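In case you want the letters, here they are:
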Amino acid sequence: MSEFLNINPLEAEAIHIFREVVSQFEKPVLLFSGGKDSITLVRLAQKAFWPAKIPFPLLHVDTGHNFPETIEFRDRLVEELGADLIVRYVQDDIDKGLVKEESGKYASRNSLQTTTLLNALEEFKFDAAIGGARRDEEKARAKERIFSVRDDFGQWDEKNQRPELFDMLNGKIDLGQNVRVFPISNWTELDVWSYIEDEGIEIPSIYFAHKRKTFLRDGMIWSAEDDIVYREEDEVVEERLVRFRTVGDMSCTAAVLSDAVSIEKVVSEIKESTISERGARIDDKRSEAAMEVRKQQGYF
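This is a predicted model, so every value here is computed, not measured.

Caption draft 1: Fine view of the sheet that holds strand 7 (residues 210–217). The four strands lie next to each other as 8-7-9-10, forming an open sheet whose pairing is antiparallel. Two strands lie at the open edges of the sheet, namely strand 8 (220–223) and strand 10 (256–257), each paired on one side alone. In terms of strand pairing, strand 9 (residues 238–243) meets strand 10 through two bridges, oriented antiparallel. Considered in strand 10, the bridge of arginine 243 is made with valine 256.

Caption draft 2: Examining the packing of helix 1 (residues 9–24) against helix 2 (residues 36–49) more closely. As a packed pair, helix 1 and helix 2 sit with axes 9 Å apart at the nearest point and diverge in direction by 70 degrees. If you check the angle between helix 1 and helix 2, you find them roughly perpendicular. Contacts between helix 1 and helix 2 involve Glu11, Ala14, Ile15, Phe18, Arg19 and Val22 from the former and Leu41, Leu44, Ala45, Lys47, Ala48 and Phe49 from the latter. In terms of residue class, the contact of helix 1 with helix 2 is made up of nine nonpolar, no polar and three charged.

Caption draft 3: Layout of the nonpolar core. Phe18, Phe147 and Trp193 are the most contacted members of the largest nonpolar core, which has 59 residues in total. Tallying contributions element by element places helix 2 first for this core, with seven residues. When residues of this core are assigned to domains, at least three fall in each of domain 1 (9–191 + 289–296) and domain 2 (205–284). In this structure phenylalanine 18 touches Leu30, Leu41, Leu44, Ala45, Ala48, Phe49, Phe56, Ile130 and Pro183, once residues within four positions along its chain are discounted. Formed by 14 residues, the second largest nonpolar core is a distinct cluster that contains Val90, Ile94, Leu117 and Phe126.

Caption draft 4: Quick peek at the packing of aromatic side chains. Across all of its chains, the model carries seven aromatic pairs by this definition. With a centroid separation of 5.4 Å and 25 degrees between ring planes, the pair formed by phenylalanine 124 and phenylalanine 126 is classed as stacked. Residue phenylalanine 126 is classed as buried on the basis of its relative accessible area of 7%. Counting every residue linked through ring pairs, the aromatic cluster contains Phe18, Phe49 and Phe56. In this arrangement the basic side chain of arginine 217 is found over the ring face of tyrosine 106, its NZ or CZ atom lying 6.0 Å from the centre. In this arrangement the basic side chain of arginine 231 is found over the ring face of phenylalanine 215, its NZ or CZ atom lying 5.8 Å from the centre.

Caption draft 5: Structural view of the sheet that holds strand 2 (residues 58–62). In spatial order, the strands read 3-2-1-4-6-5; together these six strands make up an open sheet with mixed pairing. The open sheet has two edge strands with one neighbour each: strand 3 (85–89) and strand 5 (147–150). The mean angle between the axes of side-by-side strands here comes to 30 degrees, regardless of whether they run parallel or antiparallel. In this sheet, strand 3 lies alongside strand 2 in parallel orientation, the contact comprising five bridges. The residue of strand 3 that forms the bridge with aspartate 62 is tyrosine 89. Sheet strands touched by helix 1: strand 1 (28–31), strand 4 (128–130), strand 5 and strand 6 (178–181). Its angle to strand 5, the strand with the most contacts, is close to 40 degrees.

Caption draft 6: Region of interest: the pattern of salt bridges. This model, assessed by the stated rule, comprises 20 salt bridges. Close ionic contact of aspartate 37 with arginine 134 constitutes a salt bridge, the shortest N to O distance being 3.0 Å. Remark: arginine 134 occurs in the loop between strand 4 and helix 6 (139–142) and aspartate 37 occurs in helix 2; sequence separation between them is 97 residues. Accessibility expressed as a relative area gives 13% for aspartate 37, which makes it buried. By sharing partners, the salt bridges in this structure join Glu11, Arg43, Lys47 and Glu199 into a single network.

Caption draft 7: Representation of the confidence of the model for the protein chain in the model. The predicted model of the protein chain has a mean per-residue pLDDT of 84, with 79% of residues at 70 or higher. Contacts from residues 284–289, a stretch scored under 50 in pLDDT, to residues over four places away or in other chains number 11 contacts.

Caption draft 8: Representation of helix 8 (residues 263–272) within the structure. Within helix 8, the full set of buried residues consists of Ile263, Val266, Val267 and Ile270. Buried residues of helix 8, viewed axially, fall in a sector of 100 degrees; they line one side. Relative to its buried face, helix 8 has exposed residues pointing more than 90 degrees away, namely Lys271 and Glu272. For helix 8, the secondary structure elements touched by its buried residues are helix 7 (189–199) and strand 9.

Scoring rules and cut-offs
- Residues numbered from 1 in each chain as written.
- Predicted model: local features only at pLDDT ≥ 70, side-chain atom pairs only at ≥ 80, totals over all residues.
- Heavy atoms only, no water.
- Pairing = 2+ DSSP bridges.
- Helix = DSSP H or I, 4+ residues; strand = E, 2+ residues; numbered from the N terminus.
- Axes fitted to C-alpha atoms, helices over the stretch in contact; angles between N-to-C directions.
- Parallel < 35°, antiparallel > 145°, perpendicular 65-115°, else oblique.
- Contact = heavy atoms within 4.5 Å.
- Nonpolar A, V, L, I, M, F, W, Y, C, P; charged D, E, K, R; others polar.
- Core = buried A, V, L, I, M, F, W, Y, C linked by side-chain atoms within 4.5 Å.
- Buried < 20%, exposed > 50% of the residue type's maximum accessible area, 1.4 Å probe, protein only.
- Domains from an automatic or database assignment.
- Phe/Tyr/Trp six-rings, centres within 6.5 Å; stacked < 30°, edge-to-face > 60°.
- Lys NZ or Arg CZ within 6 Å of the ring centre and 35° of its normal.
- Salt bridge = Lys/Arg side-chain N within 4 Å of Asp/Glu carboxyl O.
- pLDDT = per-residue confidence, 0-100.
- Arc of directions from axis to C-beta.

Given below as structure tokens:
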């Protein structure tokens, strides 16, 4: 792969982090959703260990409310890579009574992922979970270290984080603890998209502008092409040209009006945007500290 020889500083840092993970931990796993950030992580992992196979499995916590385009892409990419994919389902934990399904206008399974994730980490005894969170996404994310230690309940204490001076990554953990690792923590949304453009990385079609049946609520555009997103009788369905900047749970992820049908146009659009990509995530708007609370409970 001759294209793997061109390294930029952010890429070099991320590759260094991946290699530190493998050298310091016994059972790492990469959290993979099929979204742009986790797809970028997969490419970086390929580069970090090329020509060998990615030396850890991929784990997807499936809410059952994912965009079909994302799941189709996930399965195809994993097959092409020959990677090991582990899928654990939120629906299974609902059926077991471990979590309770939300109901009503703003119901979402997004927060329910925490229990499924923690159970999966315990089931396989993973000691390092690699995720695609970035500091520019949200203020709680900005507090996170690259190696973020979690206690034996999977919880995060934002006041008890290790310093990371001069890129020194300390992976020493006590029995029962595990670490969340964020190789692209210092990247921005534009950095990710520019990297995808430069590398020619394929991504799900949902990230590009397409005609979709949608309706408006709270100033946001919601998909109406399924029976998952709650819709009032008076919320009118119209076809709009939209794309999604983030591809989380369908019930909490809104679309944006866009005519960006190529990565080049998406990059141009992001450069001009004044709104964070998580501005289209209703789950972050439940309270001022919604993300921080979820992270304290074990969310990635």
